[in-house]
Amino acid sequence: NDAALTHFLQSHSKIKRVYLKTNEISDKFAHSLNMHFIPTLYQSLIKKPDLAIIFLKEHKQMMCQDGTYECASAESLQALENIYYVNNEYEEALEAIELTLNRTNEELVLEGEGDLSVKVQAYFRSGMIYMKWEKYDEAIRRFNDAIKILEKLGSEKSWLTIPVIQ
């Protein structure tokens, strides 16, 4: 576990030096792997979620060249949402959630997320965030949006049903 993290951190250190100076596809690929695996290793394997959060915040400008998460895939946005949400970093989680929710269904299908489960999770999580912030009307709206998608999906996606919103 520590060896994997060390390897990714060394790779990230090298890529960080050339990130905006090169258009090499191998550098871009390695960069995307680092941005995914380093926070995941900190969070799940090393059990130091605070370091995952610090890494993500310090390197946000490297996620997309404009310093946002706009270019991130739906899968990457969901990973960001997960890390931020479970660590009570709700503003950052909501930023990733809103980007997911702003994707059209067609865009999500092109990214391999055709069943819309990422939107169900995003609506549910944002509802939970708004509840914690005592913005109950917005929370209820978000939960209802998740339920609408679940109803459209029907029984083949019943595993997505979240007990809290049943």
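Computed from a predicted structure; not experimentally measured.

Calculation rules
- Residues numbered from 1 in each chain as written.
- Predicted model: local features only at pLDDT ≥ 70, side-chain atom pairs only at ≥ 80, totals over all residues.
- Heavy atoms only, no water.
- Patch = residues over 30% accessible without salt bridge, like charges linked within 9 Å, V, L, I, M, F, W, Y side chains within 5 Å.
- Areas by Shrake-Rupley, 256 points an atom, 1.4 Å probe, with all protein chains shown as cover.
- Salt bridge = Lys/Arg side-chain N within 4 Å of Asp/Glu carboxyl O.
- Helix = DSSP H or I, 4+ residues; strand = E, 2+ residues; numbered from the N terminus.
- Buried < 20%, exposed > 50% of the residue type's maximum accessible area, 1.4 Å probe, protein only.
- Core = buried A, V, L, I, M, F, W, Y, C linked by side-chain atoms within 4.5 Å.
- Contact = heavy atoms within 4.5 Å.
- Axes fitted to C-alpha atoms, helices over the stretch in contact; angles between N-to-C directions.
- Left-handed = near helix turned anticlockwise from the far one by under 90°.
- Nonpolar A, V, L, I, M, F, W, Y, C, P; charged D, E, K, R; others polar.
- Phe/Tyr/Trp six-rings, centres within 6.5 Å; stacked < 30°, edge-to-face > 60°.
- Parallel < 35°, antiparallel > 145°, perpendicular 65-115°, else oblique.
- Polar contact = N/O pair within 3.5 Å; in protein donor to acceptor, adjacent residues only side chain to side chain.

Student: Quick one: what's the story with a nonpolar patch on the surface, residue by residue and with numbers?
Tutor: Together, Met131, Tyr136 and Ile140 line one region of the surface with nonpolar side chains, adding up to about 290 Å² of accessible area. Within the secondary structure layout, Tyr136 lies in helix H9 (residues 136-153).

Student: So, the environment of Glu138: which residues are in play, and what are the values?
Tutor: Mapped onto the secondary structure, Glu138 falls in helix H9. Judged by its relative accessible area of 23%, Glu138 is partly exposed. Each C-alpha atom of the pair Glu138 and Ser126 lies 8.9 Å from the other, and the pair is 12 residues apart in sequence.

Student: Tell me about the nonpolar core, and name the residues and values.
Tutor: Of all hydrophobic cores here, the largest spans 39 residues; its most connected members are Tyr69, Leu77, Leu80, Tyr84 and Ile129. Aside from chain neighbours lying at most four places away, what touches Leu80 is Leu56, Met63, Tyr69 and Ala96.

Student: Let's hear about the packing of helix H6 (residues 90-101) against helix H8 (residues 117-132): which residues, and what values?
Tutor: H8 packs onto H6 with a crossing angle of 145° between their chain directions and a minimal axis gap of 9 Å. Read as a crossing pair, H6 and H8 show a hand that is left-handed. Between H6 and H8, the contacting residues are Tyr90, Ala93, Leu94, Ile97, Glu98, Thr100 and Leu101 on the first element and Val118, Lys119, Ala122, Tyr123, Arg125, Ser126, Ile129, Tyr130 and Lys132 on the second. Looking at the contact of H6 with H8, its residues break down into 10 nonpolar, 2 polar and 4 charged.

Student: With reference to specific residues and values, describe the packing of aromatic side chains.
Tutor: The tally for this structure, following the rule as stated, stands at 3 aromatic pairs. Relative to Phe143, the ring of Phe124 has its centre 5.7 Å away and its plane inclined at 45°; by these criteria the two rings are tilted. With Phe124 in helix H8 and Phe143 in helix H9, the pair connects residues that are 19 residues apart, well separated along the chain. Each member of the pair, Phe124 as well as Phe143, is classed as buried. Ring centres of Tyr130 and Trp133 lie 5.8 Å apart, and the angle between their planes is 85°; this geometry places the pair in the edge-to-face category. A residue is classified by how much of its surface remains accessible, and Tyr130, at 12% relative accessible area, is buried. What makes Trp133 partly exposed here is its relative accessible area of 32%.

Student: Which residues make up the environment of Ser117, and what values go with them?
Tutor: Relative to the elements of secondary structure, Ser117 occurs in helix H8. Ser117 gets classed as buried once you look at its relative accessible area, which sits at 15%.

Student: Quick rundown of the packing of H8 against H9? Include the residues and the values.
Tutor: The N-to-C vectors of H8 and H9 enclose an angle of 160°; their axes lie 8 Å apart at closest approach. Between H8 and H9, the crossing angle belongs to the class labelled roughly antiparallel. Here H8 runs over H9; the crossing is left-handed. Residue-level inspection shows Lys119, Val120, Tyr123, Phe124, Ser126, Gly127, Met128, Tyr130 and Met131 of H8 in contact with H9, the latter providing Tyr136, Glu138, Ala139, Arg142, Phe143, Asp145, Ala146, Ile149, Leu150 and Leu153. A class-by-class count of the residues in the contact of H8 with H9 yields 13 nonpolar, 2 polar and 4 charged.

Student: Tell me about the side chain of Arg125, and name the residues and values.
Tutor: The residue Arg125 is located in helix H8 in this model. In this structure the side chain of Arg125 is engaged in a polar contact, spanning 2.4 Å, whose partner is the side chain of Asn82.

Student: Give a description of the pattern of salt bridges that names residues and reports values.
Tutor: Summed over all chains, the structure comprises 9 salt bridges. In this structure, the salt-bridge partner of Arg142 is Glu98, at a minimum N-O distance of 2.8 Å. Here Glu98 lies in helix H6 and Arg142 lies in helix H9, a separation of 44 residues in the sequence. Residue Arg142 is classed as buried on the basis of its relative accessible area, which comes to 5%. Note that Lys148 and Asp145 form a salt bridge whose closest N and O atoms lie 3.8 Å from each other.

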